[in-house]
Amino acid sequence: MAVDERPGWARALWLLLWGLVVAAVITTIVRFATGIATIANVNQAYPWGWWVGFDMLTRIALGGVGFTMAAAGEIFDIKGFRPIVRAALLVGLLWYLTYAAVLMVELGRPWMIWQVFFSWAPTSAMYEVALCAVAYTTVLLLEFSPLVLTKLGWTTPVRRINAVYMFIVITGVALSSLHQSSLGTLLLLLPTKVDPLWHSELLPVFFLLSAIMAGPAVMLVEHTLATHFLKLQPRMDVLRALGRGLTVLVAVYLALRLGDVLYRGVGNLALSFGFEARWFWLEIVVGLVAPLALLLTPDIDQRKGRLGMAGALVVIGVLLNRLNAAVVTMKVHSWESYRPAITEVLISVGALAGMVIAYVYLVRWLPIHTEPPLAEEASIPAVAPARALS
Amino acid sequence: MALKAMIQDNTRCIGCRACMVACKAWNDLPGDTGSFFAGPGYQNPRDLDPHNYTVITFTYTDEGTKGRPDWVFGRLMCMHCLEPACASACPTTALRKTPDGPVVFDSWRCIGCRYCMQACPFVVPKFDYDRVVPAIHKCTFCADRIQAGRDPACAQVCPTGAITFGDREDMVQEARNRIATSPGTYVPHIYGLNEVGGTSVLHLSSVPFERLGYAANLPDKAPPTLTVKLLHFTPKIFTTVWVTMAVIAMVVRRRFRFWAHDEHSDEHSGDEHGSR
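What you are looking at is a predicted structure, and each value in this text was computed from that prediction instead of being measured.

A word on the overall build of chain A. A count of helices and strands for chain A gives 13 helices and zero strands. Starting at the N terminus and walking to the C terminus, you meet the elements of chain A as α-α-α-α-α-α-α-α-α-α-α-α-α. A compact globule built from 390 residues should have a C-alpha radius of gyration of about 21 Å, and chain A, at 21 Å, falls within 12% of that. The principal-axis extent of the C-alpha atoms belonging to chain A is close to 65 × 55 × 45 Å. For chain A, with 390 residues in total, the buried portion stands at 53%. Expressed as a percentage of contacts within chain A between residues at least 6 apart in sequence, the contacts between residues at least 24 apart total 80%.

Now the structure itself:
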């Protein structure tokens, strides 16, 4: 039975993913045996660096895909989004679970994390993010569990969950809105450190909006890649709906972002083309203007690749936005600087690789991508498509 | 106890660093092997760290004392803000402001998120990254000594009277008097009177504070006023979003009982291609 029929590149990629996971696990062991300093460059002036910039701010934003798609598909009941709610929940769940895993490495004293649940700190954005993220991960597990439970044949809990399913979905949307915006509040507290091009009283609104915007963007990437690798027919109606939603969101966000910069009178900083301004424009052009231009091309509705590319650019834009605000342009001391260590990034990359592996296994096991196989592949045995990557 | 404060009169400081030694002694901090010239002049160490809760800074300036070029001193330590950003940021309330002035912390409750380090406009809390069981470290204002009715260790040992400790009201008055009675000695600015909403450490200087490397252009508004107000709305936002979404679900489905999963709308059921 163990005849490996996968192409060579797929086997190599699969090995690479596992290699990254193993490397990240080894790095984690070193971190707990010898302290954070061995594997990370975070220092006294820049205590967060890549870990918070990417793993907290960016990862949670992209994990927002679960709540935006659940809201669009289940609450608003928009037809174009319904077929991808399951995939969105899976992706969201995996983003959050890997976030929790990296957080345990990144926190200085993770064995004390339970203290958060025995504290009352309503003035702390971190407290709100922590509680809401835990609660929302629970919601995601509940939303996703019927798929697993049905597969296992446990129908009673599935019926119980389905009976109050909308309560769970709506609670998830409310929790997400809170902690996505609280990530902005997190940076709002640092008026002296966050660059004026990013520090705005509207930060919570921007963070919520960009998390919502990341939803269709992540799904465009997911659907394009998944149908490509699983050799399924892409749902053009779904991609179209995602593209239209993304166009509106990117346009609104871009207008608000530029309007805010002008309104706060820091437009001259943006036009100075100094270090911060260049990163600002990179974020605006790559993450907002370019995808918007792509999305506004006349035949976009027929172009799967172009839609996927627009989604990928928006994802990169969100990543740039969070990293710019929290890491790249943050100034504390003139004599201290921060540059992420390879091992620091490796922890994140290992978690991402683990996420892809888990995704591939779950997509094979559960009815998540139910699109019909590509016509020309129809002659290949039915097991082949879903196994392309694994 | 009334709110306490400390005057750090940099014009009276001679850079002897007895305060740094007393701080180490009272807080049982280990000695370091550093460089004698870690910072400008004889400044050592360069900055606060987990073993040094206070550091005297050395700055050479052309208009030092009475217009002559000279070394001028400054002091790094926790400012014990009246509305501390660090305490507002702490998710486990391990950091808190006590009514008599000190911002104290319970390092046992710390989860190591380092938001306090990020939130502090004076970059004071320090973390020992090189330890397997790390913790946050910073000046405690000798809260235990204040409780016992004594001055903080640094104030006790200062041989030139550069450090004065007492009720904040009296200290503010004293600082104003010093500036008023010898205007040539001081720049007319009490650093910490209004910075980030006021602090419990008030600095005086003969040269502008930014020349000493003090954080300049700090807002008069305490940073937590930006965020606490917003976070206060949390339950309201949650309820509003929840109710709005429920109403939308009802309207979209055209029925009051919206809470069950619509099986019919699930395009997946009966179509199980991708699964095996």
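Of regular secondary structure, chain B possesses eight helices and nine strands. In summary, chain B has a C-alpha radius of gyration of 26 Å against a globular reference of 19 Å for 276 residues, an excess of more than 25%. If one aligns the C-alpha atoms of chain B with their principal axes, the spans along those axes are about 85 × 45 × 40 Å. Looking at chain B as a whole, 42% of its 276 residues qualify as buried.

Moving on, we come to the pairing of strand S1 (residues 4-9) of chain B. Look at any regular strand and the pattern is simple: side chains alternate between the two faces of the sheet. Residues and elements named next belong to chain B. Most of S1 sits out of view: six of its six residues are buried. Residues Lys4, Met6 and Gln8 line one face of S1 and the alternating positions Ala5, Ile7 and Asp9 line the opposite face, and both faces are buried. By the bridge criterion, five bridges tie S1 to strand S8 (residues 163-167) in an arrangement that is antiparallel. Of the residues in S8, the one forming a bridge with Met6 is Phe165. In the sheet, S1 pairs with strand S9 (residues 201-204) via four bridges, with the strands oriented parallel. Pairing of Asp9 across the sheet is with Leu204, part of S9.

Our focus in this paragraph is unusual backbone geometry. A negative phi angle characterises most non-glycine residues, just as the trans form characterises most peptide bonds. For the bond running from B:Asn44 to B:Pro45, omega is -5°, close enough to zero to count as cis. Along the chain, B:Pro45 falls in the loop between helix H1 (18-26) and strand S2 (55-65). With a phi angle near 60°, A:Asp77 is a residue other than glycine that sits in the positive phi range. Inspection of the secondary structure assignment puts A:Asp77 in the loop between helix H3 (65-75) and helix H4 (85-106). Positive phi values are uncommon outside glycine, yet B:His80 reaches one of about 50°. Within the element layout of this structure, B:His80 appears in the loop between strand S3 (68-76) and helix H2 (85-89).

Counting from both sides, the interface comprises 62 residues of chain B and, opposite them, 68 residues of chain A. Elements with a minimum of two residues in the side of chain B that touches chain A: H2, helix H3 (115-119), strand S6 (126-127), helix H7 (224-232) and helix H8 (234-253) of chain B. Counting residues per element, the side of chain B that touches chain A draws most heavily on H8(B), at eleven residues. Tallied by class, residues from the side of chain B that touches chain A come to 37 nonpolar, 13 polar and twelve charged.

A word on the domain arrangement of chain A. Residues and elements named next belong to chain A. Domain parsing of chain A yields domain 1 (7-39) and domain 2 (40-331 + 353-369). Averaged C-alpha coordinates put domain 1 and domain 2 at centres separated by 24 Å. Contacts between the two partners involve nine residues from domain 1 and, on the opposite side, eight residues from domain 2.

Residues and elements named next belong to chain B. Judged by pairing direction, the sheet is mixed, and its three strands sit side by side in the order S8-S1-S9 without closing on themselves. In this open sheet, the two strands that pair with only one neighbour each are S8 and S9. On average, each strand axis in the sheet is inclined to that of its neighbour by 20°, with strand direction left out of account.

Turning our eyes to something else, we now look at the environment of B:Ala119. Along the polypeptide, B:Ala119 turns up in helix H3. You can call B:Ala119 buried: it has 27 C-beta atoms within 10 Å. Residues B:Ala119 and B:Cys139, spaced 20 residues apart in sequence, show a C-alpha to C-alpha distance of 16 Å. Apart from residues no more than four positions distant in its own chain, B:Ala119 is found in contact with A:Leu189, A:Leu190, B:Ala85, B:Cys86, B:Ala89 and B:Pro223.

Next up on the list: H7(B). Of the residues making up H7(B), those classed as buried are B:Pro224, B:Leu226, B:Thr227 and B:Leu231. Projected onto a plane normal to the axis of H7(B), the buried residues spread over an arc of 150° and lie on a single side. H7(B) presents B:Lys229 and B:His232 as exposed residues on the side facing more than 90 degrees away from its buried surface. Where H7(B) is buried, its residues touch helix H5 (125-152) and helix H7 (165-188) of chain A together with H2 and H8 of chain B.

Core analysis: the biggest nonpolar cluster contains 199 residues, and A:Ala88, A:Ala214, A:Leu246, A:Val314, B:Cys86 and B:Cys116 have the highest contact counts within it. Here this core spans two domains, and each of domain 1 (7-39) and domain 2 (40-331 + 353-369) of chain A adds at least three residues to it. Dropping the residues within four chain positions of it, A:Leu246 is found in contact with A:Met213, A:Pro216, A:Ala217, A:Leu220, A:Leu295, A:Ala310, A:Gly311 and A:Val314.

Our next topic: the packing of helix H9 (residues 236-263) of chain A against helix H11 (residues 275-295) of chain A. Axes are the key here: two packed helices are described by the angle between their axes and the distance separating the axes. Residues and elements named next belong to chain A. Look at H9 against H11: their axes get within 10 Å of each other, and the N-to-C directions meet at 140°. The orientation of H9 with respect to H11, classified from their angle, is oblique. H11 is crossed by H9, and the crossing has left-handed handedness. Facing Gly243, Leu246, Thr247, Val250, Ala251, Tyr253 and Leu254 of H9, the residues of H11 in contact are Leu288, Pro291, Leu292 and Leu295. Its residues placed into classes, the contact of H9 with H11 shows nine nonpolar, two polar and no charged.

Summarising burial for H3(A): eleven of the eleven residues are buried, a large majority. Looking at the buried residues of H3(A), the elements they touch are helix H2 (49-63), H4, H5, H7 and helix H8 (203-229) of chain A together with H8 of chain B. Positioned one or two residues after H3(A), A:Asp77 has a phi angle of 60°, which is positive.

The rules behind these values
Numbering of residues starts from 1 in each chain and follows the order in which that chain's sequence is written. Lettering of chains starts at A and numbering of ligands starts at 1, both following the order in which they are written. Thresholds applied to this predicted model are a pLDDT of at least 70 for local features of residues and 80 or more for the giving and counting of side-chain atom pairs; totals over whole chains, interfaces and linings are not thresholded and use all residues. Secondary structure counts use DSSP, requiring at least four H or I residues in a row for a helix and at least two E residues in a row for a strand, with both numbered from the N terminus. In this setup the radius of gyration rests on C-alpha atoms only. A globule is expected at 2.2 Å times the number of residues raised to 0.38. Backbone-placed C-beta atoms define the burial measure: a residue is buried with 20 or more other C-beta atoms within 10 Å of its own, exposed with 12 or fewer, and partly exposed in between. Placing a C-beta atom from the backbone of each residue, one calls two residues in contact when those atoms lie within 7 Å. What makes two strands pair is DSSP finding at least two bridges between them. Under the grouping applied here, Gly and all other residues not named as nonpolar or charged are polar, the nonpolar ones being Ala, Val, Leu, Ile, Met, Phe, Trp, Tyr, Cys and Pro and the charged ones Asp, Glu, Lys and Arg. Note that domain bounds follow an automatic or database assignment of domains. Whenever a helix is involved, its axis is fitted only over the stretch in contact; in every case the axis is a line through C-alpha atoms, and angles between N-to-C directions fall within 0 to 180 degrees. Starting at the helix axis, one direction is taken to each C-beta atom, and the arc is that of these directions. In plain words, the nonpolar core is the set of buried Ala, Val, Leu, Ile, Met, Phe, Trp, Tyr and Cys residues that C-beta atoms within 7 Å link up. Note on terminology: angles under 35 degrees are roughly parallel, angles over 145 are roughly antiparallel, angles of 65 to 115 are roughly perpendicular, and the others are oblique. With the far helix as reference, a near helix turned anticlockwise by less than a right angle produces a left-handed crossing, and one turned clockwise produces a right-handed crossing.

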